[in-house]
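# Chain and residue survey
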There are 2 protein chains.
Amino acid sequence: MSPADTAAVAEANRRFYEALQSRDFETMERCWSHEPEVSCVHPGWHRLDGWDEVARSWQAIFKNSRPWTVAFEDERVFLAGTIAVVLCAEKIESVGGGEPARMEATNIFRRRGPAWEMVHHHASPSPETETEEEISVN
Amino acid sequence: MSPADTAAVAEANRRFYEALQSRDFETMERCWSHEPEVSCVHPGWHRLDGWDEVARSWQAIFKNSRPWTVAFEDERVFLAGTIAVVLCAEKIESVGGGEPARMEATNIFRRRGPAWEMVHHHASPSPETETEEEISVN
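Not measured: the values here are computed from a predicted model.

In this section: the overall build of chain A. Per the secondary structure count, chain A includes 3 helices and 6 strands. Counting from the amino terminus, chain A carries its helices and strands in the arrangement α-α-β-β-α-β-β-β-β. A compact globule built from 138 residues would reach a C-alpha radius of gyration of about 14 Å, and chain A, at 15 Å, matches this within 12%. In terms of principal-axis extent, the alpha carbons of chain A reach across some 45 × 35 × 30 Å. Taking all 138 residues of chain A together, 37% fall into the buried category.

Here's what the structure looks like:
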């Protein structure tokens, strides 16, 4: 993996969060592969398979959401040939109030020509603090 | 991707859920790469980075858990060279009662020699039914 590849993947990930903050479907659409094999798990949702389902979910989310700011941190980037995995923690905060929501995200991109297109997004709520006593898997 | 590769990845994924059901740390340990770059997001947890942290989490989970049965369904397998992504829905049920918990999982494996080792696991609670009216991203 070259530093240029890593930078291109990190840029694709950054653009995804820019699109999420914009709440603009066309901006989000440009981040994704439009293939049947893409999939998406929004926080607390069942998995959506195929670009058509994923596209509808973003349209529904953007239609129902209010302005928010989106940031991310704790980013890790892994490349293996034409596939890249980006892990990060998302921070989503409604403009004008409310506690920010923190999510753990697994984002997978695939290279097509010079572009890295999102093929999978999985986000789930994460606690703000590390309390091993309270955790369980079911 | 050859059918043999796909079968080997599906088998690695199956072994992971067998290990989860066994609640035996050594069985789970054999499913994973032991590299610093592995990571894991258990349902409702913050992300754990590196095999040492991930190992400790499985030890804690198995120490505190009671017998359960683990199944999975809706599996999708994608291969790209030495990386494989398996998406599936987990069903975890306590032996002797309780509602089964349903989780959406993103599992990533890396090939090392003939073996496919887990390098990332992300699981999060999923609703049993599809109620688009109730969903939100934050």
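Turning to the interface of chain B and chain A, a few remarks are in order. Buried accessible area, meaning the area lost when the parts come together, often serves as the stated size of an interface. Taken together, the contact pairs 38 residues of chain B with 37 residues of chain A. Within the residue set of the side of chain B that touches chain A, elements represented by two or more residues are strand 1 (39-41), helix 3 (51-64), strand 3 (68-80), strand 4 (83-94), strand 5 (101-112) and strand 6 (115-125) of chain B. Here the side of chain B that touches chain A is composed, by residue class, of 19 nonpolar, 12 polar and 7 charged.

Right, let's get into the sheet that holds strand 6 (residues 115-125) of chain A. All names here are of chain A. Spatially, the 6 strands line up as an open sheet ordered 2-1-6-5-4-3, and their pairing is mixed. The open sheet has two edge strands, strand 2 (48-49) and strand 3 (68-80), and neither has a second partner. Across 3 bridges, the pairing between strand 1 (residues 39-41) and strand 6 is parallel. Residue pairing in the sheet places Ser39 in a bridge with His120 of strand 6. Here helix 1 (residues 3-22) sits on the sheet in contact with strand 3, strand 4 (83-94), strand 5 (101-112) and strand 6, set at roughly 155° to strand 3.

Let us now look at the pairing of strand 5 of chain A. All names here are of chain A. Looking at chain direction, strand 4 and strand 5 are connected through 10 bridges and run antiparallel. Across the sheet, residue Cys88 finds its bridge partner in strand 5, namely Ala105. Following strand 4, the chain reverses through 6 residues before pairing antiparallel with strand 5; Gly96 in that reversal takes a positive phi of roughly 90°. Bridge count between strand 5 and strand 6: 10 bridges; the pairing is antiparallel. Within strand 6, the position partnered with Arg111 by the bridge is Trp116. Hairpin remark: strand 5 followed by strand 6, antiparallel, with 2 residues in the connecting loop; positive phi at Gly113, about 60°.

So, about the relation of the copies chain B and chain A. Both copies of the chain are related through a single rotation about an axis accompanied by a shift along the same axis. Mapping chain B onto chain A calls for a rotation angle of 180° and an axial translation of 0.0 Å; the resulting RMSD is 0.0 Å. Such values leave the two copies arranged in the relation of a two-fold axis. For chain B, the residue whose C-alpha comes nearest the rotation axis is Ser124 of chain B, separated from it by 3.0 Å. A symmetric contact is evident, with 97% of the interface residues of chain B recurring at the interface of chain A.

Below, the discussion takes up unusual backbone geometry. The residue Arg23 of chain A is not glycine, and still its phi comes out positive at about 55°. Mapped onto the elements of the fold, Arg23 of chain A is located in the loop between helix 1 and helix 2 (25-31).

What follows concerns the sheet that holds strand 3 of chain B. All names here are of chain B. Spatially, 6 strands are ordered 2-1-6-5-4-3 in an open sheet, and the strand pairing comes out mixed. Each end of this open sheet is capped by a strand with a single partner; those strands are strand 2 (48-49) and strand 3. The strands touched by helix 1 (residues 3-22) are strand 3, strand 4, strand 5 and strand 6; relative to strand 3, the strand with the most contacts, the crossing angle is about 155°.

Below, the discussion takes up the nonpolar core. For soluble globular proteins, nonpolar side chains are generally found buried alongside one another. In terms of nonpolar packing, the biggest core is built from 67 residues, with Ala84, Val86 and Phe109 of chain A together with Ala84, Val86 and Phe109 of chain B touching the most fellow members. Not counting residues up to four positions away in its chain, the partners in contact with Val86 of chain B are Val9, Asn13, Glu75, Val77, Asn107 and Phe109 of chain B.

The rules behind these values
Residues numbered from 1 in each chain as written. Chains lettered and ligands numbered in written order. Predicted model: local features only at pLDDT ≥ 70, side-chain atom pairs only at ≥ 80, totals over all residues. Helix = DSSP H or I, 4+ residues; strand = E, 2+ residues; numbered from the N terminus. Rg over C-alpha atoms; globule rule 2.2 N^0.38 Å. Buried ≥ 20, exposed ≤ 12 C-beta atoms within 10 Å, placed from the backbone. Contact = placed C-beta atoms within 7 Å. Nonpolar A, V, L, I, M, F, W, Y, C, P; charged D, E, K, R; others polar. Pairing = 2+ DSSP bridges. Axes fitted to C-alpha atoms, helices over the stretch in contact; angles between N-to-C directions. Least-squares fit on C-alpha atoms with pLDDT ≥ 70 in both. Core = buried A, V, L, I, M, F, W, Y, C linked by C-beta atoms within 7 Å.

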